[in-house]
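Given next are the chains, with one letter for each unit.
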Amino acid sequence: MSIDQVCTSLLDPSQFSGPLVISPRFDDSLSFLTKWLTTHRSYVEAQMLLHGAVLIRGFQINDAPDFEKAIMALQPNLSDSYRGTSPRSVFAGTKYTFSAADVPVNYPIAQHLEMSFLKAPPRELYFGCLKESNSKGGETSLCDFRKVYRDLDPELRRKFQDKKILYRRQHGKVGERWTFDVGAMLPWTQLFGTSSKVQVEKIAREEESPPVQWIGPDRNTFLQEWKDEPCQYHPITKECVWFNHAQVFHWSTFPAELWYAFTRLNDVRFLIRCVIMWIIAIVKYGLLGYKMALNMTFGDGTPISLREMNQVRKAIHDNMVFSTWKKGDIMCIDNFSTSHGRQPTYDFGRKILVAWSNPYDKTSTKAPSSSQQEKLIDCSSEEMETLKSVIHNIMIKTNESSVPKAVQATPDTTPESTLSSEEAEDLKAMYEYHHKSQENLQSPSLGCHKRHTSGPIPQFS
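Colleague: So what about the overall build of the chain? Which residues, and what values?
Modeller: Of regular secondary structure, the chain possesses 13 helices and 20 strands. With 461 residues in all, the chain has 57% of them scored as buried. Accessible area for the chain stands at about 19,400 Å²; split by element, carbon and sulfur atoms hold 52% of it.

Following this line, the structure appears as C-alpha cells:
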C-alpha cells in the first residue's frame, strides 16, 4: 500500500512545530485507515517525534470499537493499567479505550504529560472524538513541554532542579463529590480495581511504586509520598522536557484556569465561577490548611508559591495550541514531549475517549541537572539536522522508500489545515531526507528560533 494515499498538512501553517494532520486522499474507510497505519507505522511515529502530535482527521471512526481498531493498527502494545488521577471508565466493546475524564466538562484540566509522576508513564497517548462540542471551549489543548522548559525563568528552573519535587498522594475509599480537586474524586478502590488493602500493597510492590501507607481515623485513606525530578530528557531526542504535575495540582490551578478560559472565550460564566472558586480556594487551602489529593511541594517541603506557579503557567499558556474537535478525529501524542489538557465547555454532550501505550521507564534516561551548562541551538542547523537524523534512523529500519506529498488539504477533509503550494514543497523537501543530494537542504519557510538544552548537543546513533 502506497504511503502517498493520504494527504498531509499542518494544523497551523504558520508554525512548523504544531500537529501534522493526516486526512483521506481517496478512501476514508476504517478498513483503509487500519491497513495504512499498519503499513506505515514508522512514518506516523516519526511525525509524532518531529511535531509532538499527529491529528488523523476525516476517516470513518463512528464508535469506541472503531477507534480502538485504528489505534491498535498503529500501536498494538496498548495498556489498560491506569494509575492516573482522573476517574475513568472503559467503553463497552473495548479493552483499552476509556473515557477521557469522568468529571464535569465545565471543569478545566491543566496541561500535563499523562501520569508524569509515575516511574513509568505511557510513551504515547491517543485521544478520539465521538461527539464534538457545539459551544465555545471543549478543546483538548496541546503544549510542547520542551519549549516550556526552555521558556521558564532560569532561576526558577534551577530551584526546581536543585530541590526536586515532593509528591504526597492520597485517596479515600469513597471519592469526594462536591470538590474541584479531580484527584479527590477518584477512590483508591477504583484506582486499583480492588477493595483489598493487601492487594493494593501487592500491586504497588509489583509496579515498584512508593510504599503504601493507610491513614485517617479508620485507616482507610491511601497515602504515598515520594520525591521526583521536575524535568526529564526525551528518551530519543535527548531534549530537556518539563516533566511533572505541579501546574495541575497546585491549589490555585482551578480558578486560574477558569480565568484563562474566560480571557480566551469571553464567556461570563467562567468569570463568575472563577471568582467563586478563588474565594473557596483561598479559604480552604490558604486559611483552613486543606491539601490537594496529589499535593506537591519543593523537595524540602517548602510550598510552591503563587508567584512561582504563575511563572510556570505563563510559560505553558504562551506555548499552547488549540484544535477544535470534529467527530472521528484521532489525536496521537508523544507523551514524553507534548502535554494535553482540557478546555472547559458548557456543552455536556461532548464525548472524548482515550487510550495509551505500554509504560516506559523514565528513569532509564537520566534527568538534567541545574549544574549542566545550557546552550543555545540554532534550529536551522544542528537541532533540525539531529531531528532529521532521528527520523531517518526510525524509518530506514522498516525500509520506507517514500513519504506522502504534502498537498493542500480540501475543506471536506481538514477545514482548519491547509498548505500553500510553496509551503507544501518546503515540507516535502524536509521529509525527503533519504536523497543524499538534499541532506543539507533547509526549508526557507520554517524560520528560526532559539532553544535551550542542557549539556552538550545530543548525538543520535
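Once the structure has been displayed, the description carries forward.
Colleague: I'd like a rundown of the pairing of strand 9 (residues 165-171), residues and numbers included.
Modeller: Burial along strand 9 is one-sided: Ile165, Tyr167, Arg169 and His171 are buried, and none of Leu166, Arg168 and Gln170, which face the opposite way, are. In this sheet, strand 11 (residues 221-228) lies alongside strand 9 in antiparallel orientation, the contact comprising seven bridges. Looking at the pairing, Tyr167 lines up with Trp226 of strand 11. When strand 9 meets strand 14 (residues 294-298), the two strands line up antiparallel, connected through five bridges. Directly across from Arg169, in strand 14, lies its bridge partner Leu294.

Colleague: Tell me about the pattern of salt bridges, residues and numbers included.
Modeller: Scanning the model with the defined rule gives 16 salt bridges in all. Between Arg150 and Asp151 there is a salt bridge; the shortest N-O distance is 2.8 Å. Taking relative accessible area as the criterion, Asp151 reaches 35% and is therefore assigned partly exposed. We note a salt bridge from Lys362 to Asp228, for which the minimum N-O separation is 2.6 Å. Residue Lys362 is located in the loop between strand 18 (351-357) and strand 19 (374-378), and its partner Asp228 is located in strand 11; the two are separated by 134 residues in the primary sequence. The class of Lys362 is buried, set by a relative accessible area of 3%. Take Asp228: its relative accessible area is 11%, and that puts it in the buried class. If you follow the salt bridges from partner to partner, you end up with Asp144, Arg146 and Glu239 in one network.

Colleague: Can you tell me about the packing of helix 5 (residues 154-163) against helix 11 (residues 306-317), naming the residues and giving the values?
Modeller: Between helix 5 and helix 11, the shortest axis-to-axis distance is 11 Å and the interhelical angle comes to 110°. Relative to helix 11, the element helix 5 lies roughly perpendicular. Each of Leu156, Lys159 and Phe160 in helix 5 lies in contact with helix 11, whose residues at this interface are Glu308, Gln311 and Val312. Its residues assigned to classes, the contact of helix 5 with helix 11 shows three nonpolar, one polar and two charged.

Colleague: Give a description of the layout of surface pockets that names residues and reports values.
Modeller: Its boundaries defined by the atoms lining it, the largest pocket holds a volume of some 560 Å³. As for the largest pocket, its lining consists of 32 residues, of which Leu118, Lys119, Ala120, Glu207 and Ser209 are closest to the centre. Sorting the residues of the lining of the largest pocket by element identifies helix 7 (188-192), strand 11 and strand 18 as the ones contributing at least two each. Here the residues of the lining of the largest pocket are counted per class, giving 13 nonpolar, eight polar and 11 charged.

Colleague: Tell me about the pairing of strand 3 (residues 53-56), residues and numbers included.
Modeller: The alternating pattern of strand 3 places Ala53 and Leu55 on one face and Val54 and Ile56 on the opposite face, and all of these are buried. The pairing of strand 2 (residues 20-24) with strand 3 spans three bridges and is parallel. Residue pairing for strand 3: Ile22 is matched across the bridge by Ile56. Pairing of strand 3 with strand 16 (residues 330-334) involves four bridges; the strand directions are antiparallel.

Colleague: Give me the lowdown on the sheet that holds strand 17 (residues 338-342), citing residues and values where you can.
Modeller: Pairing in this open sheet of four strands is antiparallel, and the strands run 6-17-8-15 from one edge to the other. Bordering the open sheet on either side are strand 6 (109-112) and strand 15 (320-321), each of which pairs with just one other strand.

Colleague: Can you lay out the environment of Trp251 for me, pointing to particular residues and giving the numbers?
Modeller: Summarising the element assignment, Trp251 is placed in the loop between strand 13 (240-242) and helix 9 (253-265). In contact with Trp251, not counting residues within four places along its chain, are Trp278, Ala281, Ile282, Tyr285 and Met292.

Colleague: Give a detailed account of the packing of aromatic side chains, specifying residues and quantitative values.
Modeller: Applying the stated criterion across every chain yields a total of 20 aromatic pairs. Ring pairs connect the aromatic residues Tyr107, Phe180, Phe254 and Tyr285, which therefore count as one cluster. Positioned above the aromatic ring of Trp214 is the side chain of Lys197, whose terminal nitrogen or guanidinium carbon lies 5.4 Å from the ring centre. Of note, Arg269 hangs over the ring of Tyr346, and the distance from its end group to the ring centre comes to 4.1 Å.

Colleague: How would you explain the sheet that holds strand 14 if you had to name every residue and give the values?
Modeller: One open sheet accounts for four strands, arranged 10-11-9-14; its pairing is antiparallel. The open sheet has two free edges, formed respectively by strand 10 (213-215) and strand 14, since each of these has just one partner strand. Recorded for the sheet is a direction-independent mean angle of 25° between the axes of neighbouring strands.

Colleague: I'd like to hear about helix 9, residue by residue, with values.
Modeller: The terminal C-alpha atoms of helix 9, which comprises 13 residues, lie 18 Å apart, in line with the 18 Å expected from a rise of 1.5 Å per residue. Contacts from the buried residues of helix 9 go to strand 6, helix 10 (268-287), helix 11 and strand 15. One or two steps after helix 9, the chain reaches Asn266, where phi turns positive at roughly 55°.

Colleague: Residue-level account of the nonpolar core, with values.
Modeller: Among the nonpolar cores identified, the biggest contains 72 residues, and Phe127, Phe145, Val148, Phe160, Trp242, Val312 and Met331 are the most heavily contacted of them. If near-sequence neighbours (up to four positions away) are discounted, Phe127 is found in contact with Phe67, Ala100, Thr140, Trp325, Asp329, Ile330, Met331, Ile333, His340, Ile352, Leu353 and Val354. Core analysis: the second largest hydrophobic core is formed by 32 residues, Val54, Ala73, Ile330 and Cys332 among them.

Colleague: I'd love a proper account of unusual backbone geometry, names of residues and values included.
Modeller: Phi at Glu208 takes a positive value of approximately 55°, unusual for a residue other than glycine. Summarising the element assignment, Glu208 is placed in the loop between helix 8 (197-206) and strand 10. Owing to a relative accessible area of 55%, Glu208 belongs among the exposed residues under this scheme. We note that Arg219 has phi near 50°; this positive angle belongs to a residue other than glycine.

Reading guide: rules and limits
- Residues numbered from 1 in each chain as written.
- Predicted model: local features only at pLDDT ≥ 70, side-chain atom pairs only at ≥ 80, totals over all residues.
- Heavy atoms only, no water.
- Helix = DSSP H or I, 4+ residues; strand = E, 2+ residues; numbered from the N terminus.
- Buried < 20%, exposed > 50% of the residue type's maximum accessible area, 1.4 Å probe, protein only.
- Areas by Shrake-Rupley, 256 points an atom, 1.4 Å probe, with all protein chains shown as cover.
- Pairing = 2+ DSSP bridges.
- Salt bridge = Lys/Arg side-chain N within 4 Å of Asp/Glu carboxyl O.
- Axes fitted to C-alpha atoms, helices over the stretch in contact; angles between N-to-C directions.
- Parallel < 35°, antiparallel > 145°, perpendicular 65-115°, else oblique.
- Contact = heavy atoms within 4.5 Å.
- Nonpolar A, V, L, I, M, F, W, Y, C, P; charged D, E, K, R; others polar.
- 1 Å grid on protein atoms, 1.4 Å probe; cavity = no way out; pocket = protein on both sides within 12 Å on 5 of 7 lines; lining within 4 Å.
- Points joined across faces, edges and corners; volume = space filled by probe spheres on them.
- Phe/Tyr/Trp six-rings, centres within 6.5 Å; stacked < 30°, edge-to-face > 60°.
- Lys NZ or Arg CZ within 6 Å of the ring centre and 35° of its normal.
- Expected span 1.5 Å × (residues − 1).
- Core = buried A, V, L, I, M, F, W, Y, C linked by side-chain atoms within 4.5 Å.

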